[in-house]
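Next come the chains, spelled out residue by residue.
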Amino acid sequence: MAPDSAEIYQTKSQRWIRLNAQASSGYILFTVFWDKYSFVVHCIYRLVNPVWKISASLLKRLTMDTFLKLLDSHSGRGSILRTVQYGSQMIAGLKWVTPKGKERLLTLSSQLSLCRTILHLFDDLPMLSHSLSYGLGSQEKSIFMRLISVVQNLINQLFFPIEHIAWASDLGILSISSERWNRWCVYCWFISLSLGIIRNVISLSQLRSREAKKKDANSSRQVKLSAEEVFITVSLLADMADLVIAIHYMPPGFLWSGKLTTFFVGLFGFISSLIPLWRRIQCIK
């Protein structure tokens, strides 16, 4: 027996009510989610947006000639190795990657990391030269900034021999445990990054204060300050991304030590690697 018009109307009305209820529930859930996580979404956007712009700039400027000039320098090769290392680790952490593919990518990442460690054997003297040229930071106006930079240079200088000992211990060249030396490498890295972040935050604050006082300055001066602000901001972003990884490798119980997945370690490392690579490409004529 065919349903009459009243039953059809009632069925449609019930369906419409259900759809409205579902839409209302979805809107309520979205509102609750947005109220709770809008700050997180905003932070992710602020993190991803400059990285996206840097990636686009890299692709635009990375010609064969630029790539060869990068490979021709020690720092350029190091930046490329680091980017590929963490990029491989990031891809290995994706869920759709097969176990065999993940194993291969992680092997590539570990070998590139070892390659970078070996290349660091030649970084002691350049770092010493940089530290000596900076000296006690007489060119700095702020005593606090001078102190931060001097201590950071000292920590960076100590990092390399500690890393050399850890590397030699891992390979059995030195008959000592490498665990303690690897831990001290992470400590030095963590302290250096923390000091760098403090210095960049202070520099950025001082720069913006100067810009606020010079709103009526000529346009060329404003462009120069704007470029300097971008440089400090991306440096700060790179240090913060590296700090996330450094904390991950700290001893258990310290913040999120050991809690990052392979993907996030690779992601933050990839972000912190892209920025110095982008800066070097910007400097290539």
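The name that an unreviewed UniProt entry assigns to the chain is Peroxisomal membrane protein 11C, with the source organism given as Holothuria leucospilota. A UniProt comment under Subcellular location (unreviewed entry) is attached to the chain, and it reads "Peroxisome membrane".

Caption draft 1: Spotlight on the overall build of the chain. Looking only at helices and strands, one finds 9 helices and 0 strands in the chain. Counting from the amino terminus, the chain carries its helices and strands in the arrangement α-α-α-α-α-α-α-α-α. Counting only residues that meet the buried cut, the chain has 33% of its 285 residues in that class. Relative to all contacts within the chain whose residues are 6 or more apart in sequence, the contacts with residues 24 or more apart total 68%. Looking at the chain as shown, the accessible area adds up to about 18,700 Å², and 66% of this sits on carbon and sulfur atoms.

Caption draft 2: View of the packing of helix H6 (residues 143-170) against helix H7 (residues 179-213). Look at H6 against H7: their axes get within 8 Å of each other, and the N-to-C directions meet at 155°. By the angle between their axes, H6 is roughly antiparallel relative to H7. Crossing of H6 against H7: the hand is left-handed. When the residues that make up the contact of H6 with H7 are grouped by side-chain class, the tally is 17 nonpolar, 8 polar and 3 charged.

Caption draft 3: View of the environment of Arg199. In this structure, Arg199 sits in helix H7. Distance from Arg199 to Ile148, taken between C-alpha atoms, is 7.0 Å for residues 51 residues apart in sequence. Residues within four places of Arg199 in sequence aside, it is in contact with Met145, Ile148, Ser149 and Gln152.

Caption draft 4: Representation of the environment of Gln85 within the structure. In this structure, Gln85 sits in helix H3 (residues 74-92). Note on Gln85: relative accessible area 5%, which makes it buried. Not counting residues up to four positions away in its chain, the partners in contact with Gln85 are Ser109, Leu112, Ser113 and Arg116.

Caption draft 5: Just the UniProt feature "transmembrane region" (unreviewed entry) in the chain, in detail. Mapped onto the present numbering, the UniProt feature "transmembrane region" (unreviewed entry) falls at residues 256-278. The annotated region residues 256-278 carries 74% helix and 0% strand content, and the separation between its end C-alpha atoms amounts to 29 Å.

Caption draft 6: Layout of the packing of H3 against helix H4 (residues 99-119). Contact geometry for H3 and H4: axes closest at 8 Å, N-to-C directions at 155°. In terms of orientation, H3 lies roughly antiparallel with respect to H4. Note that H3 runs across H4; the crossing there is left-handed. Residues His74, Gly78, Leu81, Arg82, Val84, Gln85, Ser88, Gln89, Ile91 and Ala92 of H3 form the contact with H4, whose own contacting residues are Lys102, Leu105, Leu106, Leu108, Ser109, Leu112, Ser113, Cys115, Arg116 and Leu119. Its residues assigned to classes, the contact of H3 with H4 comprises 10 nonpolar, 7 polar and 3 charged.

Caption draft 7: Quick look at the packing of aromatic side chains. Applying the stated rule across the entire model yields 4 aromatic pairs. Consider the rings of Phe159 and Phe160, whose centres lie 5.6 Å apart with planes at 75°: the pair is edge-to-face. Relative to Tyr187, the ring of Trp184 lies with its centre 5.3 Å away and its plane at 90°, an arrangement referred to as edge-to-face. Taken as a pair, Trp184 and Tyr187 lie in helix H7 at a separation of 3 residues, close to a single helical turn. Assessed through its relative accessible area of 43%, Trp184 is described here as partly exposed. Overall, the relative accessible area of 23% leaves Tyr187 in the partly exposed class.

Caption draft 8: Examining the side chain of Asn200 more closely. Mapped onto the fold, Asn200 is located in helix H7. When its relative accessible area of 8% is taken as the criterion, Asn200 is described as buried. A polar side-chain atom of Asn200 sits 3.3 Å from a polar atom in the side chain of Asp239. Those residues within four positions of Asn200 in sequence are excluded, and the remaining contacts are Ile232, Ser235, Leu236 and Asp239.

Caption draft 9: Structural context of the confidence of the model for the chain. For the chain, mean pLDDT is 78; residues scoring 70 or higher make up 72% of the total. Of all the helices and strands in the chain, helix H1 (residues 5-61) carries the lowest mean pLDDT, 54, while H4 carries the highest, 92.

Thresholds applied
- Residues numbered from 1 in each chain as written.
- Predicted model: local features only at pLDDT ≥ 70, side-chain atom pairs only at ≥ 80, totals over all residues.
- Heavy atoms only, no water.
- UniProt positions renumbered as here; feature names shortened; annotations may be inferred.
- Helix = DSSP H or I, 4+ residues; strand = E, 2+ residues; numbered from the N terminus.
- Buried < 20%, exposed > 50% of the residue type's maximum accessible area, 1.4 Å probe, protein only.
- Contact = heavy atoms within 4.5 Å.
- Areas by Shrake-Rupley, 256 points an atom, 1.4 Å probe, with all protein chains shown as cover.
- Axes fitted to C-alpha atoms, helices over the stretch in contact; angles between N-to-C directions.
- Parallel < 35°, antiparallel > 145°, perpendicular 65-115°, else oblique.
- Left-handed = near helix turned anticlockwise from the far one by under 90°.
- Nonpolar A, V, L, I, M, F, W, Y, C, P; charged D, E, K, R; others polar.
- Phe/Tyr/Trp six-rings, centres within 6.5 Å; stacked < 30°, edge-to-face > 60°.
- Polar contact = N/O pair within 3.5 Å; in protein donor to acceptor, adjacent residues only side chain to side chain.
- pLDDT = per-residue confidence, 0-100.

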